Amino acid sequence: MPTPMTCVRATRTAILALLLASTLPARAADPSTFLQCGAVWDGHATSGPTLIEVQGERIASLKAGATAPAGARAIDLSSLTCLPGLIDTHTHVLLQGDITNADYDEQLLKQSPEYRTILATVNARRVLAWGFTSIRDVETEGAGYADADVKKAIERGVIPGPRMQVATRALDVTGAYPLLGYAPGLAMPKGVQEADGPDGVRRAVREQLSHGADWIKVYSDRSYRVQPNGVIDDIPTFTLEELRAIVDEAHRQRHKVASHAMALYGVHNSVEAGVDTIEHGNYIADEDLRTMAQKGIYYVPTIYVGEYVAEGRAKAGAPVWLAMRDIHEQTFRRALKAGVKIAFGTDIGGFDWHTNPAVEFRWMVKYGMTPEQALRAATVVAAALLGRSDDLGTLESGKLADVVAVPGNPLTDVARLEDVRFVMKGGVVYGSAETR
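Residues numbered from 1 in each chain as written. Predicted model: local features only at pLDDT ≥ 70, side-chain atom pairs only at ≥ 80, totals over all residues. Heavy atoms only, no water.

(A) Just the overall build of the chain, in detail. The secondary structure content of the chain amounts to 13 helices and 19 strands. For 436 residues, the compact-globule formula gives about 22 Å, and the C-alpha radius of gyration of the chain, at 24 Å, lands near that figure. Its C-alpha atoms give the chain principal-axis dimensions of roughly 80 × 70 × 45 Å. A separation of at least 24 residues holds for 68% of the contacts in the chain among residues at least 6 apart in sequence. Approximately 18900 Å² of the chain is accessible, and the part contributed by carbon and sulfur atoms is 53%. Mean positive and mean negative side-chain charge positions of the chain (45 and 52 charges, respectively) differ by 5 Å. (Helix = DSSP H or I, 4+ residues; strand = E, 2+ residues; numbered from the N terminus. Rg over C-alpha atoms; globule rule 2.2 N^0.38 Å. Contact = heavy atoms within 4.5 Å. Areas by Shrake-Rupley, 256 points an atom, 1.4 Å probe, with all protein chains shown as cover. Lys, Arg positive; Asp, Glu negative; His and termini not counted. Charge placed at Lys NZ, Arg CZ, Asp CG, Glu CD.)

See below:
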């Protein structure tokens, strides 16, 4: 037990330390970085030459027509248009393209999870360089919880990459997801976590959340065919009772549910269960579109990947993918007219990681959006889908300094978004505008 004299000495030492600290100069604030933009689209409107001041990881101010103070750290983007960092809400950093079943099976059978994770770090760096400062990665396709580790490595500064929200393993019912078709005696790896029954799916949701899942991903349908009336029929996977249990458990723990639902029953059951996003949605009934608009359920259409895989899957014996591609356009147009919230998502990983996912913008415009609507889908709307509207999606004072810059005007030529020349994420510049 300390003696009274020991306590007195300790008190004197503490007082002396406080006095010394009070005489030391205060640590200077990080100097501002100034972005001299030729034009700015801030998420709401376009303006001419603008100076963006970045203090630390956040935007301090935007001043039209201003120039950087003499001697300040300034980056000349005067020949470029500055935009909020782009957001892709449907990626697979641990998948390298799967046009056919053979492409998919080879990755799960011949590539170790460790090797796939190494490739994922390369993909994360690549997508950031393309201007996507945030992504939602919607499952690892058999690589367990590796996406949570990639996210952690980015957050800790071990590797460069976008900020991530991850879905880890995803869920499907027994016998509905690859690898399939092998001899019954073989214990084959699966691209998802299989779960059955309300109690079983709740247990799986709890497990995934405990290992770092931000989202719960479910596969709600399979085995597609086109009816004579143009409706895409499907086999639903989970029962409505199971889907409701998944949604209830995720929402109870303040997490959201993304549903892979491409056709009639998968979409309907997902909407009835109250999921937060519909992924792909090649066919959505008008009634379900109205419910989605009323409930605020997001639609993430992933158009380009359908174009990418259709021919190959048709040659492999599934011609339905060619018809699904055409029906998708009509669904997209109906969703747009119905006022459904449409967010930018590409399913990259379903197509090769050497393709810039910004190609999706062109398809969204082809299917009926204006360039500005498509750009909002990848900024304002996508940020809201992630629950990050307070920090992301627009260029405003106080928000995270996620800024990209492109030549020309993407509101008149959306393909400009495939040519990002400058990337800043959270106030850190990745690559140099001066050297591009």
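(B) Inspection of the state of the cysteines at higher detail. With the rule as written, the count across this model stands at 1 disulfide. Bridging C37 to C82, the disulfide has an S-S length of 2.2 Å. Because the sign of the S-S torsion sets the handedness, a value of about -90 degrees for the bond joining C37 and C82 places this disulfide among the left-handed ones. Linking C37 in strand β1 (residues 33-41) with C82 in strand β5 (residues 73-84), this pair joins segments that are 45 residues apart in sequence. Owing to a relative accessible area of 0%, C82 belongs among the buried residues under this scheme. (Disulfide = S-S within 2.5 Å. Buried < 20%, exposed > 50% of the residue type's maximum accessible area, 1.4 Å probe, protein only.)

(C) Highlighting helix α2 (residues 101-110). Within α2, burial applies to Y104, D105, Q107 and L108. All buried residues of α2 lie within an arc of 160 degrees about the axis, which places them on one face of the element. Summarising the geometry of α2, the exposed residues directed more than 90 degrees from the buried face are A102 and K110. (Arc of directions from axis to C-beta.)

(D) Representation of the packing of helix α9 (residues 303-315) against helix α10 (residues 320-338) in the model. At a closest axis distance of 8 Å, the pairing of α9 and α10 adopts a crossing angle of 160 degrees. Relative to α10, α9 is oriented roughly antiparallel. You can see that α9 and α10 cross each other, and the crossing is left-handed. Contacts between α9 and α10 involve I303, G306, E307, V309, A310, E311, R313 and A314 from the first element and W321, L322, R325, H328 and F332 from the second. (Axes fitted to C-alpha atoms, helices over the stretch in contact; angles between N-to-C directions. Parallel < 35°, antiparallel > 145°, perpendicular 65-115°, else oblique. Left-handed = near helix turned anticlockwise from the far one by under 90°.)

(E) Structural context of the pairing of strand β3 (residues 50-55). Of all the 6 residues making up β3, 5 are buried; the element is thus mostly covered by neighbouring parts of the structure. Relative to β3, β1 runs antiparallel, the two sharing 5 bridges. Bridge pairing links F34 to E53 in β3. Where β3 and strand β4 (residues 58-64) come together, 6 bridges link them in antiparallel fashion. Counterpart to V54 in the pairing with β4 is I59. In this structure, the hairpin formed by β3 and β4 is closed by a connection of 2 residues, where G56 is found at a positive phi of approximately 65 degrees. (Pairing = 2+ DSSP bridges.)

(F) Highlighting the packing of aromatic side chains. As enumerated under the stated definition, the model contains 10 aromatic pairs in all. A centroid spacing of 6.0 Å and a plane angle of 50 degrees characterise the contact between Y304 and Y308, whose relative ring orientation is tilted. Linking Y304 with Y308, this pair stays in helix α9, spanning 4 residues, or about one helical turn. Judged by its relative accessible area of 15%, Y304 falls in the buried class. The exposure class of Y308 is partly exposed, given its relative accessible area of 26%. Ring geometry for Y308 against F351: centres 5.9 Å apart, planes inclined by 55 degrees, an arrangement best described as tilted. Here Y308 is found in helix α9, whereas its partner F351 is found in the loop between α10 and α11 (359-366), with 43 residues between them in sequence. Three or more aromatic residues joined by ring pairs form one cluster here, namely Y104, Y177 and Y219. (Phe/Tyr/Trp six-rings, centres within 6.5 Å; stacked < 30°, edge-to-face > 60°.)

(G) Structural context of unusual backbone geometry. In this model, P178 is joined to L179 through a cis peptide bond whose omega is 10 degrees. The residue L179 is located in the loop between β9 (171-172) and β10 (193-194) in this model. Although it is not a glycine, A170 sits at a positive phi angle of roughly 70 degrees. With respect to the helices and strands, the residue A170 is situated in the loop between β8 (163-166) and β9. Given the relative accessible area of 0%, A170 is considered buried. You will see that H280, though not glycine, has its phi angle at about 85 degrees, which is positive. Mapped onto the elements of the fold, H280 is located in strand β15 (residues 277-280).

(H) Up close: the sheet that holds strand β6 (residues 86-91). Taken in spatial order, the 3 strands of this open sheet run β6-β7-β8, and their pairing is parallel. A single partner strand is all that each edge strand has here, and the edge strands are β6 and β8. The mean inter-strand angle of the sheet, taken between neighbouring strand axes irrespective of direction, is 15 degrees. One ladder, built from 4 bridges, connects β6 with strand β7 (residues 132-137); its direction is parallel. Bridging across to β7, D88 finds its partner in I135.

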